[in-house]
Amino acid sequence: MRGSPLSQLPRMDTLLASPALAESGLPRVLQKAGVNQILDELRRRLQGGECVELPSADVLAQRAKQAAEELARPGLRRVINATGVALHTNLGRAPLSRRAVEAVVGAAAGYSNLEYDLSAGKRGSRTARVEELLRQLTGAEGAFAVNNNAAAVLLMLSVLTPGLGIAISRGELVEIGGSFRVPDVMARGGARLVEVGTTNKTRLSDYAAALDSGEAQALLKVHPSNFKVVGFTQTVEVEELAGLARQRGVPLLCDLGSGALAPGPWPADYPTVERWAALADVVSFSGDKLLGGPQAGILVGKEEPIRRLKADPLARALRLDKLSLAALEATLLDWRDGGEIPVCSMLAAQPSDLRRRAEDLAARLSPVCPCVPVETAGEAGGGALPGEELPSWAAALDPAEGPEPLEAFFRGWRVPIVGRIHRGRLLLDVRTLLPGDEEEIGAALAAWKGEEP
Ligand SMILES: *Cc1c(COP(=O)(O)O)cnc(C)c1O
């Protein structure tokens, strides 16, 4: 063949007219994008001096169709969480309960009484129902809900302590999730940070000194929920801080983040909303991390400060959308009625059950690829139970060529499967698998085997 290979590339129109694309039923714009992707790639390789044998137009059209199909997939997709981390921030934190999912679908598909009081026949409050449930469940006088906990903290500080100095322990100046830094949020909220104590030790007298010197006019306690300082440490419990706040007549605000609603089968020193809310002026926490519900920021506390938060214009900018609100109300109803909440079941799963499930999964997969059940040290994630080992069980896949190609294949599967590589094996932790996931993993592994040369 003569002439530069570049000039031999088929034209866009030729490829679009080929049966692979013309009969694909894919939107025209995606067909074109697919063709461009394939042709650009070839052009780049030819210009780079690579010696490329030009495939036929039919083969190119087939590749363009695959590229177009890839582009047609939704960006946000369901994935299988085989990491064992129940509240995985990168994987959407909490899968919703059945009741919450139904509530979301109902609110999404039709009209709702979002801001309409059906008995009075006039405008009503968007958050009244969840406020009532939150008061019942936490024992707090007042409650409110916004977009996420970062928003809740921002609102709390902006409205209740603008321009004030806030005393906070150096051990609690935490960063959470890579973008939420307590000092930055405080600055945004217009509060002045007054650091007290040291990273590992803070005493009540440190807070008292900050108040007495006139530097601070409020107290903030943050639950450093994603790490634990161990060793030579001292922190001031919320009871003592509340005593100091009352004595000096200053507000005590708390960012709890994650924890528990009330005492339960968790470590005794695990903070609960019930305990903190009884002592502080306002406590904020995450709707997904703490309740296993939708992303939301919840504020509970005394009646007067909560009323001020609700009335502030910023509350309107940070308000919850109707779908999250529907999910939150349903999740709170599950808490009230003892309904099943997936994250709670995962965290409470017994090692003996997890072991049996890992054995079943390994037995399902081992005819296709070497696989054995193994014990793992999981974690709750989402800043829950830091430092608490959550022993779990996984199916450990041990392909002859190493785990990397299989791990990548799983991530690219129709329902992407996210596990983790540990010591040369691909671990699929069963704690976070949902009903039906085992079958899907089996189908993925069979397809991977089928693709092998
Ligand atoms: C997670 C967390 C936040 C941020 O909460 P989001 O709901 O992710 O916005 C803030 N403070 C603490 C203590 C947290 O644990």
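Details of the structure are given in the entry above.
Every value quoted in this text rests on a predicted model; they were computed, and no experiment measured them.

S.K.: Would you explain the site of the ligand in this entry?
M.R.: Looking at the ligand, there are 13 residues lining it, with Ala150, Ser225, Asp255, Ser286 and Lys289 nearest. The backbone of Asn149 places a nitrogen or oxygen atom 3.0 Å from an oxygen atom of the ligand. One of the side-chain nitrogen or oxygen atoms of Ser286 is found 2.6 Å away from an oxygen atom of the ligand. Look at the ligand: alone it shows 380 Å² of surface, and the protein chains cover 94% of it. Of all the secondary structure elements, the ones that give two or more residues to the shell around the ligand are helix H7 (149-160) and strand S10 (252-257). In terms of residue class, the shell around the ligand is built from three nonpolar, seven polar and three charged.

S.K.: Explain the side chain of Gln31 here, please?
M.R.: Position of Gln31 among the secondary structure elements: in helix H3 (residues 28-47). Sequence-distant contacts of Gln31, defined by excluding residues within four places in its chain, comprise Leu16, Leu21, Ala22, Ser24, Leu26 and Ala68.

S.K.: Whenever I open this one, H3 confuses me. Can you help?
M.R.: With 20 residues, H3 ought to run about 28 Å at 1.5 Å a step, and its terminal C-alpha atoms sit 28 Å apart, in line with that. Taken residue by residue, H3 has Leu30, Gln31, Gly34, Val35, Ile38, Leu39, Leu42 and Leu46 as its buried positions. With its buried residues spanning 165° around the axis, H3 presents them on a single face. Exposed positions of H3 whose direction lies more than 90 degrees from the buried face are Val29, Arg44 and Gln47. Of the surrounding secondary structure, the elements contacted by the buried residues of H3 are helix H1 (12-17), helix H2 (19-22) and helix H4 (57-72). Remark: Gly49 follows H3 within two positions and exhibits a positive phi of approximately 85°.

The rules behind these values
- For every chain, the first residue of its written sequence is number 1, and the numbers climb from 1 along that sequence.
- At least 70 in pLDDT is required for a residue's local features to be given in this predicted model, at least 80 for side-chain atom pairs to be given and counted, and no such filter applies to totals for whole chains, interfaces and linings, which use all residues.
- Note: side-chain values were computed over all heavy atoms of the structure, leaving out hydrogens and water.
- For this description, a residue counts as near a given molecule or strand if any of its non-hydrogen atoms is within 4 Å of it.
- As used in this structure description, the phrase polar contact means that two N or O atoms lie within 3.5 Å; if the pair is within protein, one of them must be able to donate a hydrogen and the other to accept it, and residues adjacent in sequence are counted only when both atoms belong to side chains.
- The Shrake-Rupley method, run with a 1.4 Å probe, gives the accessible areas here. Residue values count only the displayed protein chains as cover.
- Helical segments are the DSSP runs of H or I of at least four residues, strand segments are the runs of E of at least two, and each set is numbered from the N terminus.
- Put simply, Ala, Val, Leu, Ile, Met, Phe, Trp, Tyr, Cys and Pro go in the nonpolar bin, Asp, Glu, Lys and Arg in the charged bin, and everything else, Gly too, in the polar bin.
- Residue contacts are counted whenever heavy atoms from the two residues lie within 4.5 Å of one another.
- By definition here, a helix of n residues has an expected span of 1.5 Å times n minus one.
- Each residue gets one of three labels from its accessible area relative to the maximum for its type: buried under 20%, exposed over 50%, partly exposed in between, using a 1.4 Å probe on protein chains only.
- Relevant arc is that of directions from the helix axis to the C-beta atoms, nothing else.

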